[in-house]
Amino acid sequence: MERTTSPTSPPLPGVAELPDAAGLLDGIPGQRGARPVPPLVERPGERCAAGPAEPPVRTGAAPRPRLRAGFRVRVPVPFTLAYAAVLAFTSYVAAHADPALVYALYQGSSTDVAHLLQTPALVLTASALWVAGGFASPFTLGFVVVLSTLERRIGGARTAVVFLLGHMLATLATEVPVGLAVLVGRLPDSSLHRLDYGISFGVAASVGALAGLLGPWLRGPLLVAFGGMLLQDLIAYTDPLTNWGHLIALAIGVALWPWVRRWDLTGRAARPRRAASLPAA
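Notes on the structure in this doc start here.

How each quantity is defined
- Residues numbered from 1 in each chain as written.
- Predicted model: local features only at pLDDT ≥ 70, side-chain atom pairs only at ≥ 80, totals over all residues.
- Heavy atoms only, no water.
- Helix = DSSP H or I, 4+ residues; strand = E, 2+ residues; numbered from the N terminus.
- Buried < 20%, exposed > 50% of the residue type's maximum accessible area, 1.4 Å probe, protein only.
- Contact = heavy atoms within 4.5 Å.
- Areas by Shrake-Rupley, 256 points an atom, 1.4 Å probe, with all protein chains shown as cover.
- Patch = residues over 30% accessible without salt bridge, like charges linked within 9 Å, V, L, I, M, F, W, Y side chains within 5 Å.
- Salt bridge = Lys/Arg side-chain N within 4 Å of Asp/Glu carboxyl O.
- Axes fitted to C-alpha atoms, helices over the stretch in contact; angles between N-to-C directions.
- Parallel < 35°, antiparallel > 145°, perpendicular 65-115°, else oblique.
- Left-handed = near helix turned anticlockwise from the far one by under 90°.
- Nonpolar A, V, L, I, M, F, W, Y, C, P; charged D, E, K, R; others polar.

Further remarks concern the overall build of the protein chain. Check the secondary structure of the protein chain and you find 10 helices and zero strands. Along the protein chain, from the amino end to the carboxyl end, the secondary structure elements read α-α-α-α-α-α-α-α-α-α. Classification of the 281 residues of the protein chain by burial places 31% in the buried group. Partitioning the intrachain contacts of the protein chain with sequence separation of at least 6 by distance along the chain shows that 70% fall at a separation of at least 24. Entry remark: accessible area of the protein chain is about 19100 Å², with carbon and sulfur atoms responsible for 66%.

A few words now on a nonpolar patch on the surface. The grouping of Val161, Leu165, Leu169, Leu172, Val176, Leu180, Leu183 and Val184 at the surface amounts to a nonpolar patch, some 720 Å² of accessible area in total. If you trace the backbone, Leu172 turns up in helix H6 (residues 156-183).

A word on unusual backbone geometry. Of note in this structure, Tyr237 is not a glycine but carries a positive phi near 60 degrees. By the element assignment, Tyr237 lies in the loop between helix H8 (216-236) and helix H9 (240-255).

Moving on: the packing of H6 against H9. The contact between H6 and H9 brings their axes to 9 Å, and the two run at 140 degrees. Between H6 and H9, the interaxial angle falls into the category oblique. Seen from above, H6 lies across H9 with right-handed handedness. Packed against H6, whose contacting residues are Leu165, Gly166, Leu169, Ala170, Ala173, Thr174, Glu175 and Val178, the element H9 presents Leu241, Trp244, Gly245, Ile248, Ala249 and Ile252 at the interface. When its residues are assigned to classes, the contact of H6 with H9 shows 10 nonpolar, three polar and one charged.

Written as C-alpha coordinates, this is what we have:
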(Lines give C-alpha, C1' and ligand atoms only; values in the text may rest on other atoms or scores of the structure.)
Protein backbone atom coordinates (compact mmCIF):
# COMPACT_ATOMS: atom_id res chain seq x y z
CA MET A 1 0.00 0.00 0.00
CA GLU A 2 1.38 3.37 -1.02
CA ARG A 3 1.33 6.53 1.05
CA THR A 4 -1.27 9.13 -0.14
CA THR A 5 -0.06 12.07 1.89
CA SER A 6 2.89 13.98 0.58
CA PRO A 7 5.46 15.21 3.07
CA THR A 8 4.76 18.77 1.87
CA SER A 9 0.97 18.63 2.37
CA PRO A 10 -0.50 20.93 5.04
CA PRO A 11 -1.60 19.26 8.31
CA LEU A 12 -5.25 18.31 8.74
CA PRO A 13 -7.29 20.43 11.12
CA GLY A 14 -7.77 19.01 14.64
CA VAL A 15 -4.98 16.49 14.30
CA ALA A 16 -1.84 16.95 16.32
CA GLU A 17 1.30 17.32 14.39
CA LEU A 18 3.07 14.03 14.14
CA PRO A 19 6.77 13.70 14.41
CA ASP A 20 8.86 13.40 11.35
CA ALA A 21 8.36 9.94 9.86
CA ALA A 22 11.48 10.04 7.75
CA GLY A 23 13.54 6.95 8.21
CA LEU A 24 10.64 4.85 9.63
CA LEU A 25 9.59 1.56 8.11
CA ASP A 26 6.08 0.82 6.87
CA GLY A 27 3.94 -1.64 8.88
CA ILE A 28 6.33 -1.75 11.89
CA PRO A 29 4.64 -0.46 15.08
CA GLY A 30 6.34 1.13 18.05
CA GLN A 31 8.83 3.19 16.06
CA ARG A 32 7.69 6.69 17.00
CA GLY A 33 9.14 8.27 20.09
CA ALA A 34 11.80 5.55 20.56
CA ARG A 35 14.41 6.47 23.10
CA PRO A 36 17.94 6.79 21.83
CA VAL A 37 20.22 4.01 22.96
CA PRO A 38 22.96 5.44 25.18
CA PRO A 39 26.49 4.75 23.98
CA LEU A 40 28.26 1.90 25.68
CA VAL A 41 30.99 3.02 28.04
CA GLU A 42 33.78 0.52 28.42
CA ARG A 43 35.26 0.21 31.88
CA PRO A 44 38.80 -0.90 32.62
CA GLY A 45 39.02 -4.65 32.90
CA GLU A 46 35.69 -5.25 31.06
CA ARG A 47 35.09 -6.41 27.52
CA CYS A 48 32.40 -5.05 25.21
CA ALA A 49 31.53 -5.15 21.52
CA ALA A 50 33.19 -1.83 20.81
CA GLY A 51 36.70 -3.24 21.05
CA PRO A 52 39.26 -4.91 23.32
CA ALA A 53 39.22 -4.16 27.02
CA GLU A 54 41.86 -1.96 28.53
CA PRO A 55 44.30 -3.74 30.83
CA PRO A 56 43.43 -3.39 34.50
CA VAL A 57 45.45 -0.86 36.41
CA ARG A 58 47.76 -2.50 38.96
CA THR A 59 48.76 -0.70 42.09
CA GLY A 60 51.60 -1.62 44.39
CA ALA A 61 54.46 -4.06 43.86
CA ALA A 62 53.99 -7.01 41.54
CA PRO A 63 53.53 -10.35 43.33
CA ARG A 64 56.55 -12.62 43.42
CA PRO A 65 56.36 -15.81 41.36
CA ARG A 66 55.79 -18.89 43.46
CA LEU A 67 57.92 -22.00 43.18
CA ARG A 68 56.01 -24.83 41.67
CA ALA A 69 55.03 -27.68 43.92
CA GLY A 70 57.59 -30.46 44.16
CA PHE A 71 60.58 -28.25 43.27
CA ARG A 72 63.78 -29.76 44.65
CA VAL A 73 67.44 -28.85 44.44
CA ARG A 74 69.26 -31.98 43.33
CA VAL A 75 72.86 -32.44 44.44
CA PRO A 76 74.64 -34.58 41.81
CA VAL A 77 77.25 -36.27 44.09
CA PRO A 78 76.12 -35.90 47.73
CA PHE A 79 78.35 -38.65 49.14
CA THR A 80 81.53 -37.29 47.56
CA LEU A 81 80.81 -33.69 48.55
CA ALA A 82 79.87 -34.56 52.13
CA TYR A 83 82.91 -36.79 52.55
CA ALA A 84 85.19 -34.11 51.06
CA ALA A 85 83.79 -31.56 53.54
CA VAL A 86 84.62 -33.90 56.44
CA LEU A 87 88.16 -34.40 55.11
CA ALA A 88 88.59 -30.65 54.74
CA PHE A 89 87.58 -30.14 58.37
CA THR A 90 89.87 -32.85 59.75
CA SER A 91 92.74 -31.56 57.61
CA TYR A 92 92.19 -28.06 59.02
CA VAL A 93 92.27 -29.48 62.56
CA ALA A 94 95.47 -31.39 61.81
CA ALA A 95 97.12 -28.25 60.41
CA HIS A 96 96.12 -25.79 63.15
CA ALA A 97 95.53 -27.77 66.35
CA ASP A 98 98.15 -28.50 68.98
CA PRO A 99 100.64 -31.11 67.70
CA ALA A 100 100.21 -33.25 70.81
CA LEU A 101 96.44 -33.33 70.28
CA VAL A 102 96.85 -34.17 66.60
CA TYR A 103 99.20 -37.04 67.41
CA ALA A 104 96.74 -38.38 69.98
CA LEU A 105 93.95 -38.25 67.38
CA TYR A 106 96.11 -40.04 64.83
CA GLN A 107 97.07 -42.69 67.33
CA GLY A 108 93.47 -43.23 68.41
CA SER A 109 92.38 -43.62 64.78
CA SER A 110 95.26 -45.83 63.68
CA THR A 111 94.46 -49.26 62.25
CA ASP A 112 97.53 -50.90 63.75
CA VAL A 113 97.37 -54.45 65.03
CA ALA A 114 96.86 -53.43 68.65
CA HIS A 115 93.82 -51.26 67.87
CA LEU A 116 92.40 -53.80 65.40
CA LEU A 117 92.38 -56.37 68.17
CA GLN A 118 90.66 -54.03 70.64
CA THR A 119 88.26 -51.79 68.66
CA PRO A 120 88.29 -52.90 65.00
CA ALA A 121 85.06 -51.21 63.87
CA LEU A 122 85.99 -47.88 65.46
CA VAL A 123 89.49 -47.59 64.02
CA LEU A 124 88.52 -48.90 60.57
CA THR A 125 85.99 -46.06 60.37
CA ALA A 126 88.00 -43.32 62.10
CA SER A 127 91.15 -43.98 60.07
CA ALA A 128 89.26 -43.02 56.89
CA LEU A 129 88.57 -39.52 58.26
CA TRP A 130 92.17 -38.32 57.86
CA VAL A 131 94.29 -37.54 54.82
CA ALA A 132 97.92 -38.60 55.13
CA GLY A 133 99.95 -35.62 53.97
CA GLY A 134 97.19 -33.05 54.45
CA PHE A 135 94.36 -31.85 52.23
CA ALA A 136 96.85 -30.83 49.52
CA SER A 137 97.88 -34.45 49.03
CA PRO A 138 97.54 -35.85 45.47
CA PHE A 139 95.20 -38.49 46.84
CA THR A 140 92.73 -35.73 47.75
CA LEU A 141 92.44 -34.64 44.12
CA GLY A 142 92.15 -38.27 43.08
CA PHE A 143 89.49 -38.77 45.73
CA VAL A 144 87.28 -35.96 44.38
CA VAL A 145 87.68 -36.82 40.69
CA VAL A 146 87.38 -40.60 40.97
CA LEU A 147 84.61 -40.83 43.56
CA SER A 148 82.46 -38.13 41.93
CA THR A 149 82.71 -39.93 38.57
CA LEU A 150 81.97 -43.29 40.14
CA GLU A 151 79.04 -41.88 42.13
CA ARG A 152 77.44 -40.48 38.97
CA ARG A 153 77.52 -43.96 37.47
CA ILE A 154 76.48 -46.24 40.34
CA GLY A 155 75.11 -43.93 43.06
CA GLY A 156 76.37 -42.69 46.41
CA ALA A 157 75.59 -45.74 48.56
CA ARG A 158 77.31 -48.16 46.19
CA THR A 159 80.29 -45.85 45.84
CA ALA A 160 80.61 -45.87 49.62
CA VAL A 161 80.52 -49.69 49.55
CA VAL A 162 83.38 -49.80 47.01
CA PHE A 163 85.45 -47.29 48.96
CA LEU A 164 84.95 -48.98 52.34
CA LEU A 165 85.60 -52.47 50.97
CA GLY A 166 88.91 -51.33 49.52
CA HIS A 167 89.82 -49.44 52.68
CA MET A 168 88.97 -52.23 55.12
CA LEU A 169 90.11 -55.28 53.16
CA ALA A 170 93.43 -53.74 52.13
CA THR A 171 94.02 -52.66 55.74
CA LEU A 172 93.38 -56.16 57.05
CA ALA A 173 95.49 -57.68 54.27
CA THR A 174 98.51 -55.61 55.35
CA GLU A 175 98.07 -55.60 59.14
CA VAL A 176 97.28 -59.28 59.70
CA PRO A 177 100.68 -60.36 58.30
CA VAL A 178 102.35 -57.85 60.62
CA GLY A 179 100.62 -59.38 63.63
CA LEU A 180 101.61 -62.88 62.53
CA ALA A 181 105.23 -61.78 61.97
CA VAL A 182 105.36 -60.31 65.49
CA LEU A 183 103.82 -63.48 66.86
CA VAL A 184 106.57 -65.69 65.38
CA GLY A 185 109.33 -63.26 66.27
CA ARG A 186 110.12 -61.92 62.80
CA LEU A 187 109.20 -58.33 63.74
CA PRO A 188 109.60 -56.38 67.00
CA ASP A 189 106.66 -55.66 69.27
CA SER A 190 106.78 -51.98 68.28
CA SER A 191 105.32 -52.97 64.88
CA LEU A 192 102.01 -53.57 66.63
CA HIS A 193 101.64 -49.82 67.24
CA ARG A 194 102.66 -48.28 63.91
CA LEU A 195 100.51 -45.37 62.73
CA ASP A 196 98.24 -46.38 59.88
CA TYR A 197 95.50 -44.04 58.68
CA GLY A 198 94.31 -42.28 55.53
CA ILE A 199 92.04 -42.63 52.49
CA SER A 200 94.57 -43.94 49.97
CA PHE A 201 93.37 -47.57 50.08
CA GLY A 202 89.78 -46.52 49.39
CA VAL A 203 90.86 -44.26 46.53
CA ALA A 204 92.94 -47.03 44.95
CA ALA A 205 89.98 -49.43 45.11
CA SER A 206 87.70 -46.78 43.56
CA VAL A 207 90.17 -46.28 40.69
CA GLY A 208 90.14 -50.01 40.01
CA ALA A 209 86.33 -50.16 40.11
CA LEU A 210 85.93 -47.10 37.88
CA ALA A 211 88.23 -48.61 35.26
CA GLY A 212 85.68 -51.38 34.76
CA LEU A 213 83.07 -48.82 33.64
CA LEU A 214 85.30 -47.15 31.05
CA GLY A 215 85.87 -48.12 27.47
CA PRO A 216 88.98 -50.10 26.53
CA TRP A 217 90.76 -46.99 25.22
CA LEU A 218 90.48 -45.33 28.64
CA ARG A 219 90.58 -48.41 30.88
CA GLY A 220 93.98 -49.62 29.72
CA PRO A 221 95.87 -46.30 30.04
CA LEU A 222 94.29 -45.63 33.44
CA LEU A 223 95.32 -49.00 34.88
CA VAL A 224 98.79 -48.82 33.35
CA ALA A 225 99.44 -45.27 34.60
CA PHE A 226 98.05 -45.75 38.11
CA GLY A 227 99.42 -49.25 38.56
CA GLY A 228 102.83 -48.15 37.29
CA MET A 229 102.91 -45.33 39.82
CA LEU A 230 102.12 -47.77 42.63
CA LEU A 231 104.82 -50.17 41.43
CA GLN A 232 107.40 -47.38 41.41
CA ASP A 233 106.52 -46.56 45.03
CA LEU A 234 106.92 -50.22 45.94
CA ILE A 235 110.30 -50.45 44.21
CA ALA A 236 111.45 -47.33 46.06
CA TYR A 237 110.77 -49.30 49.28
CA THR A 238 110.07 -46.23 51.38
CA ASP A 239 106.91 -47.68 52.99
CA PRO A 240 106.49 -51.23 51.67
CA LEU A 241 103.48 -52.08 53.85
CA THR A 242 101.47 -49.11 52.56
CA ASN A 243 102.67 -49.67 48.98
CA TRP A 244 101.52 -53.27 49.05
CA GLY A 245 98.21 -52.09 50.46
CA HIS A 246 97.71 -49.74 47.48
CA LEU A 247 98.27 -52.59 45.00
CA ILE A 248 95.94 -54.87 46.96
CA ALA A 249 93.24 -52.18 47.05
CA LEU A 250 93.56 -51.66 43.28
CA ALA A 251 93.12 -55.41 42.78
CA ILE A 252 90.03 -55.34 45.02
CA GLY A 253 88.51 -52.64 42.84
CA VAL A 254 89.19 -54.68 39.70
CA ALA A 255 87.62 -57.73 41.35
CA LEU A 256 84.42 -55.69 41.86
CA TRP A 257 83.89 -55.17 38.11
CA PRO A 258 80.97 -57.65 37.77
CA TRP A 259 79.01 -55.94 40.57
CA VAL A 260 79.94 -52.41 39.51
CA ARG A 261 78.86 -53.03 35.92
CA ARG A 262 75.58 -54.53 37.09
CA TRP A 263 74.95 -51.50 39.32
CA ASP A 264 75.71 -49.19 36.40
CA LEU A 265 73.16 -50.96 34.17
CA THR A 266 70.58 -50.81 36.96
CA GLY A 267 71.17 -47.09 37.42
CA ARG A 268 70.84 -46.40 33.69
CA ALA A 269 67.52 -48.23 33.56
CA ALA A 270 66.22 -46.28 36.56
CA ARG A 271 67.11 -42.81 35.21
CA PRO A 272 64.34 -42.63 32.54
CA ARG A 273 61.74 -43.74 35.11
CA ARG A 274 62.84 -41.04 37.56
CA ALA A 275 62.75 -38.40 34.81
CA ALA A 276 59.23 -39.46 33.78
CA SER A 277 57.98 -39.30 37.38
CA LEU A 278 59.07 -35.66 37.86
CA PRO A 279 56.14 -33.17 37.92
CA ALA A 280 55.71 -31.07 34.80
CA ALA A 281 56.68 -27.40 34.99
